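For reference, the chains in residue letters:
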Number of protein chains: 8
Amino acid sequence: MELTVYLAGEIHSNWREELKSKALENKLPLTFVGPQENHDLSDDIGEKILGSQPNNVARDDAASSVNNLRTQVLMQKADVVIALFGEKFKQWNTAMDASMAVTLNKPLILIRPDSLVHPLKELSNRANVTVETVDQALDVLQYIYQ
Amino acid sequence: MELTVYLAGEIHSNWREELKSKALENKLPLTFVGPQENHDLSDDIGEKILGSQPNNVARDDAASSVNNLRTQVLMQKADVVIALFGEKFKQWNTAMDASMAVTLNKPLILIRPDSLVHPLKELSNRANVTVETVDQALDVLQYIYQ
Amino acid sequence: MELTVYLAGEIHSNWREELKSKALENKLPLTFVGPQENHDLSDDIGEKILGSQPNNVARDDAASSVNNLRTQVLMQKADVVIALFGEKFKQWNTAMDASMAVTLNKPLILIRPDSLVHPLKELSNRANVTVETVDQALDVLQYIYQ
Amino acid sequence: MELTVYLAGEIHSNWREELKSKALENKLPLTFVGPQENHDLSDDIGEKILGSQPNNVARDDAASSVNNLRTQVLMQKADVVIALFGEKFKQWNTAMDASMAVTLNKPLILIRPDSLVHPLKELSNRANVTVETVDQALDVLQYIYQ
Amino acid sequence: MELTVYLAGEIHSNWREELKSKALENKLPLTFVGPQENHDLSDDIGEKILGSQPNNVARDDAASSVNNLRTQVLMQKADVVIALFGEKFKQWNTAMDASMAVTLNKPLILIRPDSLVHPLKELSNRANVTVETVDQALDVLQYIYQ
Amino acid sequence: MELTVYLAGEIHSNWREELKSKALENKLPLTFVGPQENHDLSDDIGEKILGSQPNNVARDDAASSVNNLRTQVLMQKADVVIALFGEKFKQWNTAMDASMAVTLNKPLILIRPDSLVHPLKELSNRANVTVETVDQALDVLQYIYQ
Amino acid sequence: MELTVYLAGEIHSNWREELKSKALENKLPLTFVGPQENHDLSDDIGEKILGSQPNNVARDDAASSVNNLRTQVLMQKADVVIALFGEKFKQWNTAMDASMAVTLNKPLILIRPDSLVHPLKELSNRANVTVETVDQALDVLQYIYQ
Amino acid sequence: MELTVYLAGEIHSNWREELKSKALENKLPLTFVGPQENHDLSDDIGEKILGSQPNNVARDDAASSVNNLRTQVLMQKADVVIALFGEKFKQWNTAMDASMAVTLNKPLILIRPDSLVHPLKELSNRANVTVETVDQALDVLQYIYQ
């Protein structure tokens, strides 16, 4: 049984590659999708497609409209969603994607460091499973096939 | 036509009272609901009801389970959701509630300061209306009745 | 049994007042809601609430975001939707609202002049009932209570 | 990941062929579907299948019933919807299809010329992304795969 | 707790009055709604509102469009649906309404004489409860309040 | 694009074979599913699987439970539903299946002889397309691919 | 804000009365509904309404069909569901009702003694809040109003 | 037509293997999925992935969170659900899964011994088909293909 996994969250580390290569090693029949990982492209995509915008609000809105379309298309294809929170940044997109997943009845695995237990407690409580490492998230995926 | 408005977000300022008293002045037939505004109670509610928990993760999970039940009950009653982001704190609950609202097709008004335009751009793009002040949010509610 | 009726369409004639006064004469327990009928206000509402916008696209987007929130709130309250098309204007909002109603399983009455039979044929086919006059639409509402 | 794209809108220009051939050049794994592009067939299909109808209203209703079945089947298969508005015609079917897409949570790309910004402002605000050219719509689709 | 009950089925006997008067005797807080019980009006309503139609098919389609709008409005208000089948007539509307109720997760009570057990077996199997008399259907409603 | 078509209705004529062979001739990529066409098996299946039942009501209920499971599984797979009514029998299953299809937003083609226009008028009005012959239904399916 | 609470579970102790009287003391605006608490009536209701059945399976099926209709009507009215498990009996209805509540997105409070932690662990994990006593469940309800 | 079947229930006997091998013999194109059948792994999986937990409640909650994610992923893929109840154990997971299936409109086959007719009567009444043996459940699946 092939499953599609949407990988929400931090695009400043290589956790997605780590997860993908371990899934490959374990021969799990998973397809991974997720947000644009090129941060500059993600910020520029609105003006790149639509041309120069009159101010920063419009520039950001243009970019986010394309990013949101991408997320909506790919998350609707997903059977499972993994959301990773790191120590830095506001990461409101990750919270937004994770909450969308739960509300759409997509099973959610939350990865967050011990330091974020308190501020993420309500989201963690809504997730199916909360773990601290990418390896643990892979263990959960692997368990589906055991 | 009476409407129920869920007020998600910051519980460290009195923006809810400000909004409620202005709605009253304008005689708008609105009922306001929202999260627990007593921060200590919100953090303690799990142990207060369920008794002492073995560690902080369990303590936080107990509290968040009660807070999430409250949110689910009240947001399902809401006709409109307003989510306010301030300058401080991680505010992942606010992002979670705002995303839940949009995903449930609840109309969403986002209030955020100019300084948060960039990190909130995707959530702002999914909201129906994004404003900067509580007064502007009230103007939007008032427009429904004009 | 009280019903709420959303009146989509043309805001350049007084057809809503005509419908409301006839419903009153017939003592039908109906509550009528609908879009902003003050055309200037409807076009200005974005800048009125959010302040001056950098160009016409942004100005129109600001206004439409507030208008769409209003429509979403009120149409979700509606038990029946009436959409009236006139001879003039592009009236894409009316088509948009009518299609939203059908897709949300809200019963739809379409009012359109004989001259628009052909261009509106697909929307007419999706409506529950298509009529030519406001009186006929009222007859349909009245039949629910007979 | 293969995606199906429904192409709503104008059938008087060859924009669909342009889009398809560019998608092919870029080797995007897209399947395109859409309305009947043969205008005469689209108008005649009711009588062609059901035989001569008593008047124009019945003739149009017969044709639209078959066209609507086609749209419903194909749009339910679609992962993304693109709706193009041109300068001519009333194009209420395009508005109807676009609104159906948004209401069904199908991501929507709206293509419209600068001259139609104002009359399409509410629909544009509900779309995920609004662009002016077919090339820009293709850029958005391509971004999903980057 | 007040409940609304949609009474689908036969309009040639006075079973609805019987049920209503017994509900009144038992002081059950029920509101009853249902199809047009004046058979001639039900057949004529299309032409009465829309004017003379070119043939019988168009005349019947006009009437049924108004009858279907009525059913859709009222059944969406219903908490319980009762469908009564008698010995005569084809009663396809009753089967249609009963199936719509089950598919919409409206609890369904089916009333049918012993002679119709076999032809109604699949519909009976989908109903919540199948009874033979109006009194038994009332007993089921009364049990909700015991 | 492959589509699955559920063929509801009469099992006493060979209309399904006729439709299938014509679809094959036209090389339409359609998969056809439908109810059990062996009438005796359909009536006996309950006792065949569950053993002898105490009376006819129980025997019929046992059979219908298995038939309904089959219908639910296959109709949920269907992209289009065709329902054929003939001159004989009560055909309440056909009405039930057709209404289930419409309520589930499955596009519906209704086939019925001229003699049944009046008793089927409400169901016909809810169907996407109503035709008189199997050939016409095939024409509608074929149009999806033109 | 008035809320309706469905009280699923054990009918052999007076926990419902205890909860109701405490809600009254605290002046919580709650309406409580639930299953038939008269056990004999609950078992006899099928034969009482439908008459003598041929065997125990049919007798039980008749009773359960009426009980299930009751549950479906009342749970659809509920804003919150409380399910209480005791030490005795199989209590599969309680598990069924609790799971139905969660699947319908009704917030669920689970009450179970310490001795049942292990066998109820999956259901407890799906509930919003799990407590051990009726008083704790009331505390959760009360927190909604604080 | 390939179908996926979720096999809920008892993991202490080899009924799943029996069913699978008979399906293979009959060349039915079925894919079977289900819960973790290694009971120890199912109980340990939480601590195995997340590490040692502070007490039994936390240990059980950790395990159940992973088991529930698995069930949610696999049941959402299922076209049919079979739930088997045996004579021993509380089997609340089986009741939970069966009720989830019915509420999600997944067709349900219930297998239970004669001794459990009474305590399972409400769940049996909500199932599509109730049988006593694995062979009978296979007969029902086979009937879909006949």
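Here's what I pulled together on the structure shown here. If you're wondering where the values come from, they're calculated on a predicted model, not measured in any experiment.

Points about the interface of chain F and chain H
Accessible area lost when the parts come together is the quantity often used to give the size of an interface. Facing the 19 residues of chain F at the interface are 21 residues of chain H. Summed over both partners, the interface of chain F with chain H comes to about 1700 Å²; 65% of that surface belongs to carbon and sulfur atoms. At the boundary of chain F and chain H, one finds 1 salt bridge. Where Asp79(H) meets Lys77(F), a salt bridge forms, and the shortest distance between an N and an O atom there is 2.9 Å. The tally of links between chain F and chain H comes to 10 residue pairs in polar contact (both at pLDDT 80 or more). Elements supplying a minimum of two residues to the side of chain F that touches chain H: α2 (39-50) and α3 (56-77) of chain F. Take the side of chain F that touches chain H: its biggest share by element is 11 residues, from α3(F).

Re the relation of the copies chain F and chain H
Each copy superposes on the other: chain F lies on chain H with an RMSD of 0.0 Å after a rotation of 90 degrees and an axial shift of 0.0 Å. Accordingly, the operation relating the two chain copies is best matched by a four-fold axis. Considering only C-alpha atoms, the part of chain F nearest the rotation axis is Lys77(F), at 8.9 Å.

A closer look at the pattern of salt bridges
Tallying each qualifying case throughout the model produces 64 salt bridges over all chains. The partner of Asp43(A) in a salt bridge is Lys121(B), with the nearest N and O atoms 3.2 Å apart. Of the two residues, Asp43(A) sits in helix α2 (residues 39-50) while Lys121(B) sits in helix α5 (residues 121-126), which places them in two different chains. Summarising the burial analysis for this pair, Asp43(A) and Lys121(B) share the class buried. The partner of Glu17(B) in a salt bridge is Lys20(B), and the shortest N-O contact between them spans 3.6 Å. Here Lys20(B) and Glu17(B) lie together in helix α1 (residues 15-25), a separation of 3 residues that amounts to about one turn. According to the relative accessible area criterion, Lys20(B) is partly exposed, its value standing at 28%. If you follow the salt bridges from partner to partner, you end up with Glu18(A), Lys22(A) and Asp135(A) in one network.

With respect to the interface of chain A and chain B
Counting residues at the interface gives 31 residues for chain A, matched by 31 residues for chain B. Counting the surface lost from both chain A and chain B, the interface buries some 3000 Å², and carbon and sulfur atoms represent 58% of this. Taken together, the connections running from chain A to chain B amount to 2 salt bridges. Joining chain A to chain B, the criterion identifies 24 residue pairs in polar contact (both at pLDDT 80 or more). For the side of chain A that touches chain B, the secondary-structure elements that each account for two or more residues are α3 (56-77), α4 (92-103) and α5 (121-126) of chain A. Here the side of chain A that touches chain B takes 8 residues from α3(A), the largest share from any one element. Of the residues assigned to the side of chain A that touches chain B, the class counts are 13 nonpolar, 10 polar and 8 charged.

A short note on the sheet that holds strand β4 (residues 108-111) of chain D
All names here are of chain D. Read across the sheet, 5 strands follow the order β2-β1-β3-β4-β5 without closing on themselves; strand pairing throughout is parallel. Where the open sheet ends on each side, the last strands, each with one partner, are β2 (30-33) and β5 (129-131). When the angles between neighbouring strand axes are averaged without regard to direction, this sheet yields 20 degrees. Relative to β2, strand β1 (residues 3-9) runs parallel, the two being bridged by 4 bridges. Across the sheet, Thr4 pairs through a bridge with Thr31, a residue of β2. Against the sheet, helix α6 (residues 134-145) touches β1, β2, β3 (80-84), β4 and β5, its axis set at about 160 degrees to β4.

Considering the packing of aromatic side chains
Using the criterion set out here, one finds 8 aromatic pairs over all chains in the structure. We note Arg70(C) situated over the ring of Tyr143(B); from NZ or CZ to the ring centre the distance is 5.4 Å.

Considerations on the arrangement of the chains
Spatially, chain B is disjoint from chain E: no contact exists, and the shortest C-alpha separation is 18 Å. Contact between chain D and chain H is absent, and the least distance between their C-alpha atoms amounts to 18 Å.

Examining unusual backbone geometry
At Asn105(B), a residue that is not glycine, the phi angle is positive and equals roughly 60 degrees. Here Asn105(B) lies in the loop between α4 (92-103) and β4 (108-111). Even without being glycine, Gln91(D) reaches a positive phi, approximately 55 degrees. Tracing the sequence through the fold places Gln91(D) in the loop between β3 and α4 (92-103).

Here we look at the relation of the copies chain A and chain B
Screw-axis analysis of chain A against chain B gives a translation of 0.0 Å along the axis, an RMSD of 0.0 Å, and a rotation angle of 180 degrees. Both copies are brought into coincidence by an operation consistent with a two-fold rotation axis.

Digging into the side chain of Gln72(A)
Relative to the assigned elements, Gln72(A) resides in helix α3. According to the relative accessible area criterion, Gln72(A) is buried, its value standing at 19%. Not counting residues within four places of it along the chain, the set of residues in contact with Gln72(A) comprises Asn105(D), Lys106(D), Pro107(D) and Asn128(D).

What counts and what doesn't
Residues numbered from 1 in each chain as written. Chains lettered and ligands numbered in written order. Predicted model: local features only at pLDDT ≥ 70, side-chain atom pairs only at ≥ 80, totals over all residues. Heavy atoms only, no water. Contact = heavy atoms within 4.5 Å. Buried area = accessible area lost by both parts, 1.4 Å probe. Salt bridge = Lys/Arg side-chain N within 4 Å of Asp/Glu carboxyl O. Polar contact = N/O pair within 3.5 Å; in protein donor to acceptor, adjacent residues only side chain to side chain. Helix = DSSP H or I, 4+ residues; strand = E, 2+ residues; numbered from the N terminus. Least-squares fit on C-alpha atoms with pLDDT ≥ 70 in both. Buried < 20%, exposed > 50% of the residue type's maximum accessible area, 1.4 Å probe, protein only. Nonpolar A, V, L, I, M, F, W, Y, C, P; charged D, E, K, R; others polar. Pairing = 2+ DSSP bridges. Axes fitted to C-alpha atoms, helices over the stretch in contact; angles between N-to-C directions. Phe/Tyr/Trp six-rings, centres within 6.5 Å; stacked < 30°, edge-to-face > 60°. Lys NZ or Arg CZ within 6 Å of the ring centre and 35° of its normal.

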